[in-house]
Amino acid sequence: MKKFPLLVFIVYLNLPGVYSQEPAYEQAPILYSESEPVTRLTKIRDRIEQGEDLLSGATGQEKLGKLLTLLEVPLESQVLVYSKTSAQNSLIAPEHPRAIYFSDNAYVGWVQNGNIEVITFDKKLGMVFHLLDITQGNKVKFIRDQSCLNCHGESSTNNWPGIMVRSVFPQKNGQPLYHAGTYRTDHSSPLEERWGGWYVTGDSGKQSHLGNILAQEDAGTRKVTYQPMALAAVKSLDGLFPTEPYLAGGSSDMVALMILEHQVSVHNALVEGNLAARQTLYRHIKMKEVFGEAPDSPMSESNQSVLDSQAERIAGKLLFADEQIMKDAGVEGAVAFQQAFARNARFNRDRRSLKDLRLYERLFKYRCSYLIDSEAFHHLPQELKIRVWAKLSAALAVPARGDSKYQHLSDSEKVRITEILEDTIPTFSK
């Protein structure tokens, strides 16, 4: 009898995610680095390998433009970052910033005279990072860059593959003064902490932000001072640096930046939920095998707790539970981006959409994220997705069921969100 608990303990130690120094995403059943992904980008790669001429071009800009079209990423989503906070740091500076483009299902980064960085989504692996070497003439080399996980798979992304939007205090060469402070920003961040090291076009009214500034440190006192590159709201970056090489010219839209921050936060929650749920379900199967339980035996309380906590976190992100309310009159951005962002909006019978913008007090009219219709959401295991739907339904109930986390949603807004979901997401009410 004394040997049985010891045997169980030893077996338990060998279950995935238990007392292992290896990242959870490198363990079964995920096996992140060992597994071959299937994403929007790998499908393009496969077509090229089969002989299609998809990414040829005389310049990096031409190849970038073709890639954005193939990935259905609008060039109007362009935002520009001049801090050295990327794998291609040596090529980034205020005179030649890094361009980032994004859609609901992909992220693309490009640096002049450099390569293209791409993030797309695999059903079982979540975010997948690729580097496209475009420096070899017309031939494009697709590299699955595992070194990205040194930053994008550690504590800064909750130890799962994820994305960061950072705000720093950059010097004139783009190098951040880290001891001056740094922020990870998302839709919960106050504007005054956002966009350090980013170019920003648009108007935030009386609300201050950290965009379009350079930092300088006194060598003797180490006192840091800040020099704005522009003294008023910036409509175009023309004149601050050569903008001709960029597909969207001198635009780094404020509203695009805010939407980027929001969706990075939601994508991270969806990917973590996906991978944690797959690992939990795998552990459930293995535990049944160890204990000789029937295949349909119920899940343990601890495993159910993991799924419930992931579902709660996803629901909170989708419903903007931690969104920072904007002060003053709100923000103004470029019409071109807003039109591009809304191209794939799904409207209900009353022509309402989860992509309808508000831009004062809050970012969207209806605070349920459009990413509920993204690849990352659809990739969630059914056992987790059911729990997310249940938590969303409870949060959107009228009258409220007493969860203070969702008191920011009025009854009328809940009704509008529910109507949109019922008309545009077939699985919502099932």
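Look a little higher up for the structure.
Residues numbered from 1 in each chain as written. Predicted model: local features only at pLDDT ≥ 70, side-chain atom pairs only at ≥ 80, totals over all residues. Heavy atoms only, no water.

> I'd like to hear about the overall build of the chain, residue by residue, with values.
The secondary structure content of the chain amounts to 10 helices and 12 strands. Its C-alpha atoms give the chain principal-axis dimensions of roughly 75 × 55 × 55 Å. As displayed, the chain offers around 20,100 Å² of accessible surface, 51% of which is attributable to carbon and sulfur atoms. Across the chain, the mean location of the 48 positive side-chain charges is 2 Å away from that of the 51 negative side-chain charges. (Helix = DSSP H or I, 4+ residues; strand = E, 2+ residues; numbered from the N terminus. Areas by Shrake-Rupley, 256 points an atom, 1.4 Å probe, with all protein chains shown as cover. Lys, Arg positive; Asp, Glu negative; His and termini not counted. Charge placed at Lys NZ, Arg CZ, Asp CG, Glu CD.)

> Provide a residue-level description of unusual backbone geometry, including the pertinent values.
Across the junction of alanine 28 and proline 29, the peptide omega takes the value 5 degrees, indicating a cis bond. Residue position: proline 29 is located in the loop between helix 1 (3-13) and helix 2 (40-49). A cis geometry characterises the amide bond from valine 398 onward to proline 399, with omega recorded as 0 degrees. Examined against the element boundaries, proline 399 turns out to sit in the loop between helix 9 (382-395) and helix 10 (411-424). Positive phi outside glycine occurs at phenylalanine 320, with the angle close to 55 degrees. Its location among the elements puts phenylalanine 320 in the loop between helix 6 (301-318) and helix 7 (335-341). Phenylalanine 320 gets classed as buried once you look at its relative accessible area, which sits at 1%. (Buried < 20%, exposed > 50% of the residue type's maximum accessible area, 1.4 Å probe, protein only.)

> An account of the packing of aromatic side chains is requested, with residue identities and associated values reported.
Inspection of the entire model under this criterion finds 14 aromatic pairs. Taking 6.2 Å as the distance between ring centres and 50 degrees as the angle between the ring planes, the aromatic pair formed by phenylalanine 102 and phenylalanine 337 counts as tilted. With a gap of 235 residues between them, phenylalanine 102 in strand 2 (residues 98-102) and phenylalanine 337 in helix 7 connect regions that are remote in the sequence. Across the pair, exposure class does not vary: phenylalanine 102 and phenylalanine 337 are buried alike. For the ring pair phenylalanine 337 and phenylalanine 341, a centre distance of 5.8 Å and an interplane angle of 25 degrees mean the geometry is stacked. (Phe/Tyr/Trp six-rings, centres within 6.5 Å; stacked < 30°, edge-to-face > 60°.)

> Got a sec to walk through the pairing of strand 5 (residues 126-136)? Specific residues and values, please.
In terms of residue burial, strand 5 counts as a mostly covered element, since 9 of its 11 residues are buried. Where strand 4 (residues 116-122) lies against strand 5, 7 bridges are found, and the strand directions are antiparallel. Each bridged residue has a counterpart across the sheet, and for phenylalanine 121 the counterpart in strand 5 is methionine 127. Counting the residues in the hairpin turn of strand 4 and strand 5 gives 3 residues. Looking at chain direction, strand 5 and strand 6 (residues 139-144) are connected through 5 bridges and run antiparallel. Paired with aspartate 133 across the strands is lysine 141, a residue of strand 6. Hairpin remark: strand 5 followed by strand 6, antiparallel, with 2 residues in the connecting loop; positive phi at glycine 137, about 70 degrees. (Pairing = 2+ DSSP bridges.)

> Outline the sheet that holds strand 2, listing residues and values.
The strand order across the open sheet formed by 6 strands is 1-2-3-4-5-6, and the pairing between neighbours is antiparallel. Each edge of the open sheet carries a strand with a single partner, namely strand 1 (79-81) and strand 6. Each strand of the sheet is rotated relative to its neighbour by a mean of 25 degrees, with strand direction disregarded. In this structure, strand 1 lies alongside strand 2, joined through 3 bridges in antiparallel fashion. Within strand 2, the position partnered with valine 79 by the bridge is isoleucine 100. Sheet contacts for helix 3 (residues 60-71): strand 2, strand 3 (107-110), strand 4, strand 5 and strand 6; angle to strand 3, the most-contacted strand, approximately 175 degrees. (Axes fitted to C-alpha atoms, helices over the stretch in contact; angles between N-to-C directions. Contact = heavy atoms within 4.5 Å.)

> Quick one: what's the story with helix 6, residue by residue and with numbers?
End to end, helix 6 covers 25 Å across 18 residues, agreeing with the expected 26 Å (1.5 Å per residue, within 8%). Within helix 6, burial applies to Asn303, Leu307, Gln310, Ala311, Ile314, Ala315, Gly316, Lys317 and Leu318. Looking at the buried positions of helix 6, the neighbouring elements they touch are helix 5 (254-291), helix 8 (375-378) and helix 9. Once helix 6 ends, the next one or two residues include phenylalanine 320, with phi positive near 55 degrees. (Expected span 1.5 Å × (residues − 1).)

> Any chance you could break down the pairing of strand 11 (residues 357-360) for me, citing the residues and the numbers?
Look at any regular strand and the pattern is simple: side chains alternate between the two faces of the sheet. Here 2 bridges tie strand 11 to strand 12 (residues 362-364), and the two strands are oriented antiparallel to one another. Its bridge partner being in strand 12, leucine 357 is matched across the sheet by phenylalanine 364. Hairpin connection from strand 11 to strand 12: 1 residue lie between these consecutive antiparallel strands, with glutamate 361 at a positive phi of about 65 degrees.

> Got a sec to walk through the environment of leucine 55? Specific residues and values, please.
As for its position among the elements, leucine 55 is in the loop between helix 2 and helix 3. Remark: the alpha-carbon pair of leucine 55 and valine 140, spanning 85 residues in sequence, is separated by 7.2 Å.

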